[in-house]
Amino acid sequence: MENTFTDLSHINVKGGDGGAGCMSFRREAYVPKGGPDGGDGGRGGNVVIEADPQLSSLIDYRYKHHFRAQRGTHGQGARRHGSDGADLVLRVPVGTVVRELDPATQTPAYDIADLTQPGERVIVAPGGAGGRGNIHFVTSVRRAPAFAEKGEPAREHWIELEMKLMADAALVGMPSVGKSSIIARVSAARPKVADYPFTTLVPNLGVARAASGQSFVLADVPGLIEGASEGKGLGHQFLRHIERTALILHVVDVTGGYEGRDVIEDYETINAELAAYASELAERPQIVVANKCDLPGTEEAVERLRAAAEADGHAFFAVSAATGEGLDALVSSCAAEVARLRAEAAERDEGDDRTDLWELERQRRDRALRVSREERHAWRVSGSQVERMVVQTDWDNDEAVAYLQHRFERSGLNDALAKAGAQTGDEVRILELAFTYEGDRAAGEPLPEADGEE
């Protein structure tokens, strides 16, 4: 049967374009000089990622990779505003990390959000702003503005969705140590069980319940090998799922398997891989589980492993997934430890919905203004806010261009250029347009007009 578990996807998202504002004047009988009445364009819809507790994988994004929100409509005369585009909501499992991808390398550039709570949301592709109609540009000296703003084209970009399981405890260990057999014994999960390496190709989740009534979510993570932290075997595909878990159940096959491995070497190998992948995993609470203790000749290996685990400060249990020996005590201990860790997490307020935080972070990135030198006397200015001003300007309309120059002055662009070291006469590039910088002009004097390169 085809594997339907997907925990990493790259998708292309684009908000809806903004509608254009309208340049219009009242035209009524007996009113020869009606004032401006152009309506605003509608805002484009946002592409929103929402955490949905009903989902368990990113399978919806396995074959479809492009997502577009609805565009806003144009404004009209008589102050009729265009309608906003509808948002497009993409649902993902709880525990999904959203990252921006570098357009050149398609590698993660920065984290956009980490959705750990049901219903948590983040806007990944904001819709373009609607252009303002000419009713907005009336001043004491500009009584009949003959221009309006264009709608803002929405940005298109690629993002990464990475799902990390939200289990309370994870079973880790070398391949074929009996992790799947344990989860099948203590929960309703029914993973594939066989006696060859990498039988488990996808993580399995099950709910284990102790005699006390306490329950917890247990994950059976596919087997790790030496070098897993460097991507060997199935390492990188599944080590990510251990990062979320509060408790690690480290399972060791005390028979040594078909290869006759040494239990201490197995134990130390897995711990080394966890620490190499993420240093904090080495400090994560861990319970060491010696499996297959029902088989003869395992007594010495069990005691050696017990001594090593206790020397590292870890609890130790000897069990048999085949007979069920020791599993009740293991489940009870895990349930109590998970309850304690949950209480500690609640005290740290880790369960807060961070939707507002993600939005504030997005707005902060939107306002950021970056100035860099491209040539000796040429500077590149970038930033969503200043670029939006440029693309919404009608370059065929002198009044609109003059208004843009005024917006540049108020935005702090001149101060940022001066701080970066720009000199009078230098070229300032924004998108496909070039301006001449005049740092010593009189206060209030407009910037020189742009030379179009389009």
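Caption draft 1: Here's a closer look at the overall build of the protein. Of the regular secondary structure elements, the protein holds 9 helices and 19 strands. Burial analysis of the protein (454 residues in total) assigns 48% to the buried set. Summed over all atoms, the accessible surface of the protein reaches about 22,300 Å², with 48% contributed by carbon and sulfur.

Caption draft 2: Structural detail: the pattern of salt bridges. Summed over all chains, the structure comprises 25 salt bridges. Ionic pairing is found between E375 and R429, a salt bridge with its closest N-O pair at 3.2 Å. Linking E375 in strand β15 (residues 370-375) with R429 in strand β17 (residues 427-430), this pair joins segments that are 54 residues apart in sequence. Using a relative accessible area of 46% as the deciding quantity, one classes E375 as partly exposed. Each of E374, E375, R380, E427 and R429 takes part in a single network of salt bridges with overlapping partners.

Caption draft 3: Here's a closer look at the packing of helix α3 (residues 263-277) against helix α4 (residues 299-311). Between α3 and α4, the shortest axis-to-axis distance is 9 Å and the interhelical angle comes to 35 degrees. Relative to α4, the crossing made by α3 is right-handed. Between α3, through V263, I264 and Y267, and α4, the contact on the second element is made entirely by A301, R304, L305, A308 and A309.

Caption draft 4: Just the sheet that holds strand β8 (residues 156-163), in detail. Ordered in space as β3-β1-β8-β5-β6, the 5 strands form an open sheet in which the pairing is mixed. Two strands bound the open sheet, and with one partner strand each, they are β3 (66-68) and β6 (108-115). This sheet shows a mean twist of 30 degrees between the axes of neighbouring strands, independent of strand direction. Note: strand β5 (residues 96-101) against β6, 6 bridges, orientation antiparallel. Looking at β6, one finds that T96 is bridged to L115.

Caption draft 5: Representation of the sheet that holds strand β2 (residues 47-52) within the structure. Across the sheet, which stays open at both edges, the 3 strands sit in the order β4-β2-β7 with mixed pairing between neighbours. Two strands bound the open sheet, and with one partner strand each, they are β4 (88-93) and β7 (121-125). The average angle at which neighbouring strand axes cross in this sheet is 30 degrees, direction not considered. Relative to β4, β2 is paired through 6 bridges, and the arrangement is parallel. Within β4, the position partnered with E50 by the bridge is R91.

Caption draft 6: Main features of the confidence of the model for the protein. Scored by pLDDT, the protein comes out at a mean of 82, with 85% of its residues at no less than 70. Strand β19 (residues 451-452) is the least confidently modelled element of the protein, averaging 41 in pLDDT, while β3 averages 97, the highest of any element. Every residue in residues 441-454 scores below 50 in pLDDT, and together they form 25 contacts with partners more than four places removed in sequence or on other chains.

Caption draft 7: Focus on the packing of aromatic side chains. Evaluation of the coordinates by the stated rule reveals 6 aromatic pairs. Measuring from centroid to centroid gives 4.7 Å for F137 and F147, while their planes differ by 25 degrees, and the two rings are stacked. Here F137 is found in the loop between β7 and β8, whereas its partner F147 is found in the loop between β7 and β8, with 10 residues between them in sequence. F147 matches F137 in its accessibility class, with the two residues each being buried. Measuring from centroid to centroid gives 4.9 Å for F137 and Y403, while their planes differ by 65 degrees, and the two rings are edge-to-face.

Caption draft 8: Quick peek at helix α8 (residues 398-411). Given a rise of 1.5 Å per residue, 14 residues ought to cover 20 Å, and the 20 Å separating the end C-alpha atoms of α8 matches this to within 8%. The inward-facing, buried residues of α8 abut α7 (384-391), α9 (413-420), β17 and β18 (433-436). Its side-chain oxygen at 2.9 Å from the backbone nitrogen of E399, N397 defines the N-terminal cap of α8. Just downstream of α8 lies G412, where phi reads positive at about 90 degrees.

Caption draft 9: Fine view of helix α1 (residues 179-186). What α1 keeps buried is the set K179, S180, I182, I183 and V186. End-on view of α1: buried residues confined to an arc of 160 degrees, all on one side of the axis.

Reading guide: rules and limits
- Residues numbered from 1 in each chain as written.
- Predicted model: local features only at pLDDT ≥ 70, side-chain atom pairs only at ≥ 80, totals over all residues.
- Heavy atoms only, no water.
- Helix = DSSP H or I, 4+ residues; strand = E, 2+ residues; numbered from the N terminus.
- Buried < 20%, exposed > 50% of the residue type's maximum accessible area, 1.4 Å probe, protein only.
- Areas by Shrake-Rupley, 256 points an atom, 1.4 Å probe, with all protein chains shown as cover.
- Salt bridge = Lys/Arg side-chain N within 4 Å of Asp/Glu carboxyl O.
- Axes fitted to C-alpha atoms, helices over the stretch in contact; angles between N-to-C directions.
- Left-handed = near helix turned anticlockwise from the far one by under 90°.
- Contact = heavy atoms within 4.5 Å.
- Pairing = 2+ DSSP bridges.
- pLDDT = per-residue confidence, 0-100.
- Phe/Tyr/Trp six-rings, centres within 6.5 Å; stacked < 30°, edge-to-face > 60°.
- Expected span 1.5 Å × (residues − 1).
- Polar contact = N/O pair within 3.5 Å; in protein donor to acceptor, adjacent residues only side chain to side chain.
- Arc of directions from axis to C-beta.

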